[in-house]
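Structural overview for review
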Amino acid sequence: MKMAICARALAPIFLVTAFGIALSAAPAMAQKQGGTITVGLELDIPGFDPLKVGVYDTAALTASSAIFETLTYLDANGKAQPKLALSWEPSEDFKTWTFKLRPGVKFHDGTPFNAEAYKANFDRQKDPANKCRCAFYIAAITSVEAPDELTVVYNLNDPSVNFPSTIISYANQNGAVHSPTAWKAKGDDYNRNPVGTGPYILKSWTAGDRMILEKNPDYWDKSKIYVDRIVLKPLPDAQSRFASLQSGEVDLIWDDENDADNIQKAQKDSKLTVHTYAGSGAAVNAINTKAAPLDDVRVRQALVMALDRQKWSQATTNGLARPASNPYGDGSWVKCKDDGALPYDVEKAKALIKDYGKPVDFKMIFTTTPRGRSGGQVLQQFWKQIGVNMEIEQIDQASFPPRAFMRQFQIIGWRIVDLADPDPQMYANFHTGSPVALANYSNPELDGLLEKARTTADTDKRIDIYCAISRLINKEAIWFWTFQNTYYAISSAKVKGLPKMYSGMIDVSRTWKE
């Protein structure tokens, strides 16, 4: 009965929210029409077809947020607001969510966006025959129905009180809406020929050089779209990327704390603006618990207890990186008085290795970047002092996901992104049977906690459950957290209107230049 009362109380709020706030990425000011914004990305984009790429990285998200749209978006307060959906309402048990779609929207190929098109996107990802790695992120969804042209109904396995703020709120591999006509017509070529409903249309794409997006003349909210063109350039080298910004070759660049010198230089330069967002989630490292010697909990605990995160932050980020001891972070509503973090204790770590009684040698995977090398060297030193030998293996960024998903690693870096609700990430990363549960770890107690967290409506009780999950993961040391997610972009001071970088997504689709 409590669930029903809660649902009736919340449903009117969702409806008022949906109709009462206009879509806007930034506070109203004198927006200037026209021109081009050029963005320097860390990586080249591998494509957009979820069946091909599985998961969108931060570079793909920048393009995706301009080409595609989602049912909702998150405002500056992290609340779901209307986009392709005008309104939404839950059932009393929060296991069914009904969305009313925006009428008159068309894909870039001229075909109509409607409930059937939306359902086709979901069904394609969910179909076991397609073997999409993206499917586990929607494993909690039983089905999507299209009862009429402008109504979409989500049927969930379990209650989800924050569903409009989760995976359908940003242009990730599951939330971005593609044209069914386009993917059927283009087949394998669709991966590099994406068609959405978004404010920008793909004009040209030269791999390794640039992607050019041009304003959609038929966009449903065209008065809120300002620049004529977005140019996306992969610039993997951080120093070259920053130099391109300083020279004016690009207007905005992706950056992170490992390029602390550039960030701190930009903060002192009146011609530049540093955009930052302290999100939830964290950068992490997954330990393959089935690979010796990491199959022994004593070894895993020793590795974690040898980490001095404050020293690590100072060595690699000039102290900018904020140490993490759980998967939630300061930006999350999950706050734990006790997250079970293992203490920094070199002597205890040495004792655990001695108790293990055998040599501890393994490889750890890093990117083929100066950042990857420096991070690896720091960890080597931490672990060397407790008698552990770690060999650095550097691979290109594109090889990271397949190596991770095939469990071809002993330790590998990963990230928990900052969704408005922790459930999708936590369930996907830690539940038995998930293709992205990289630790190869199975524990009925952990599975039960994850299942209970997604079926509990009371926020305080959910917090207690998520903190218990953190304590169990930390005790077993199946992952170790390094630093909290803090996202950065550096732009010319002339770039205006950049929204918060939820999930590390730099969305320039509604920006403008003075």
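In short, a report on the structure.

1. Brief notes about the sheet that holds strand S11 (residues 252-255)
One open sheet holds the 10 strands; their spatial order is S8-S9-S10-S1-S11-S16-S12-S15-S13-S14, and the pairing between them is mixed. Where the open sheet ends on each side, the last strands, each with one partner, are strand S8 (200-206) and strand S14 (388-395). Adjacent strand axes in the sheet meet at a mean angle of 25° when their direction is disregarded. Pairing of strand S13 (residues 360-367) with strand S15 (residues 411-416), which is carried by two bridges, proceeds in the parallel orientation. From the neighbouring strand, Met364 faces S15, where its bridge partner is Ile411. Along the sheet, helix H3 (residues 58-67) contacts strand S1 (36-41), S8, strand S9 (210-215), strand S10 (229-234) and S11; its crossing angle with S9, the most-contacted strand, is approximately 20°.

2. Let's talk about the environment of Trp312
One can find Trp312 in helix H9 (residues 309-317). Trp312 sits in the buried class, given a relative accessible area of 7%. On a C-alpha basis, the gap between Trp312 and Thr482 in space is 9.1 Å, while along the polypeptide they are 170 residues apart.

3. Here's the deal with the sheet that holds strand S5 (residues 96-101)
Pairing is antiparallel in the open sheet, where four strands are placed in the order S4-S5-S7-S6. Since the sheet does not close on itself, it has two edges, and those belong to strand S4 (85-90) and strand S6 (141-148), each with one partner. In this sheet, neighbouring strand axes are inclined to one another by 20° on average, regardless of whether the strands run parallel or antiparallel. Bridge analysis of S4 against S5 gives five bridges, and the strand direction is antiparallel. What sits directly across from Pro90, in S5, is Trp97. Most of the contacts of helix H4 (residues 115-126) go to S6, to which it runs at about 160°, and overall it touches S5, S6 and strand S7 (151-156).

4. Details of the packing of aromatic side chains
The relation between two aromatic rings is expressed through the spacing of the ring centres and the mutual angle of the planes. Scanning all chains against the criterion turns up 24 aromatic pairs. Geometrically, the ring pair formed by Tyr219 and Trp220 is tilted, given 5.3 Å between the ring centres and 45° between the ring planes. One aromatic cluster is present, formed by Trp88, Phe99, Tyr118, Phe122, Tyr154 and Phe163 through successive ring pairs. For the cation-ring pair, Arg124 lies above Trp183, with the distance from its terminal atom to the ring centre recorded as 4.6 Å. Against the face of Tyr427 rests Arg454, its NZ or CZ located 3.6 Å from the ring centre.

5. Re the nonpolar core
Note that soluble globular proteins tend to have their nonpolar side chains buried in a common cluster. With 116 residues, the main nonpolar core has Phe99, Tyr154, Phe430, Ile469 and Trp479 as its most contacted residues. Residue contributions to this core peak at eight residues, all from helix H15 (residues 459-476). Counting 32 residues, the second-largest nonpolar core is a separate cluster that includes Leu294, Leu303, Val388 and Ile411.

6. What to know about the side chain of Arg407
Note that Arg407 resides in the loop between helix H12 (400-405) and S15. In this structure, Arg407 is buried with no salt-bridge partner, the nearest side chain bearing the opposite charge being Asp447 at 12 Å. A distance of 3.2 Å separates a polar side-chain atom of Arg407 from the backbone oxygen of Ala437. The residues touching Arg407, leaving out its near neighbours within four places in the chain, are Asn288, Ser434, Pro435, Val436, Ala437, Leu438 and Asn440.

7. Brief notes about the packing of helix H13 (residues 423-430) against helix H14 (residues 444-455)
Interaxial distance between H13 and H14 falls to 10 Å at its minimum, and their mutual angle equals 160°. By the angle between their axes, H13 is roughly antiparallel relative to H14. Crossing angle aside, the handedness with which H13 passes H14 is left-handed. Within the contact between the two elements, H13 uses Asp423, Met426, Tyr427 and Phe430 and H14 uses Leu446, Asp447, Leu450, Glu451 and Arg454. When its residues are assigned to classes, the contact of H13 with H14 shows five nonpolar, no polar and four charged.

Here is what the cut-offs are and how they apply
Residues numbered from 1 in each chain as written. Predicted model: local features only at pLDDT ≥ 70, side-chain atom pairs only at ≥ 80, totals over all residues. Heavy atoms only, no water. Pairing = 2+ DSSP bridges. Helix = DSSP H or I, 4+ residues; strand = E, 2+ residues; numbered from the N terminus. Axes fitted to C-alpha atoms, helices over the stretch in contact; angles between N-to-C directions. Contact = heavy atoms within 4.5 Å. Buried < 20%, exposed > 50% of the residue type's maximum accessible area, 1.4 Å probe, protein only. Phe/Tyr/Trp six-rings, centres within 6.5 Å; stacked < 30°, edge-to-face > 60°. Lys NZ or Arg CZ within 6 Å of the ring centre and 35° of its normal. Core = buried A, V, L, I, M, F, W, Y, C linked by side-chain atoms within 4.5 Å. Lys, Arg positive; Asp, Glu negative; His and termini not counted. Salt bridge = Lys/Arg side-chain N within 4 Å of Asp/Glu carboxyl O. Polar contact = N/O pair within 3.5 Å; in protein donor to acceptor, adjacent residues only side chain to side chain. Parallel < 35°, antiparallel > 145°, perpendicular 65-115°, else oblique. Left-handed = near helix turned anticlockwise from the far one by under 90°. Nonpolar A, V, L, I, M, F, W, Y, C, P; charged D, E, K, R; others polar.

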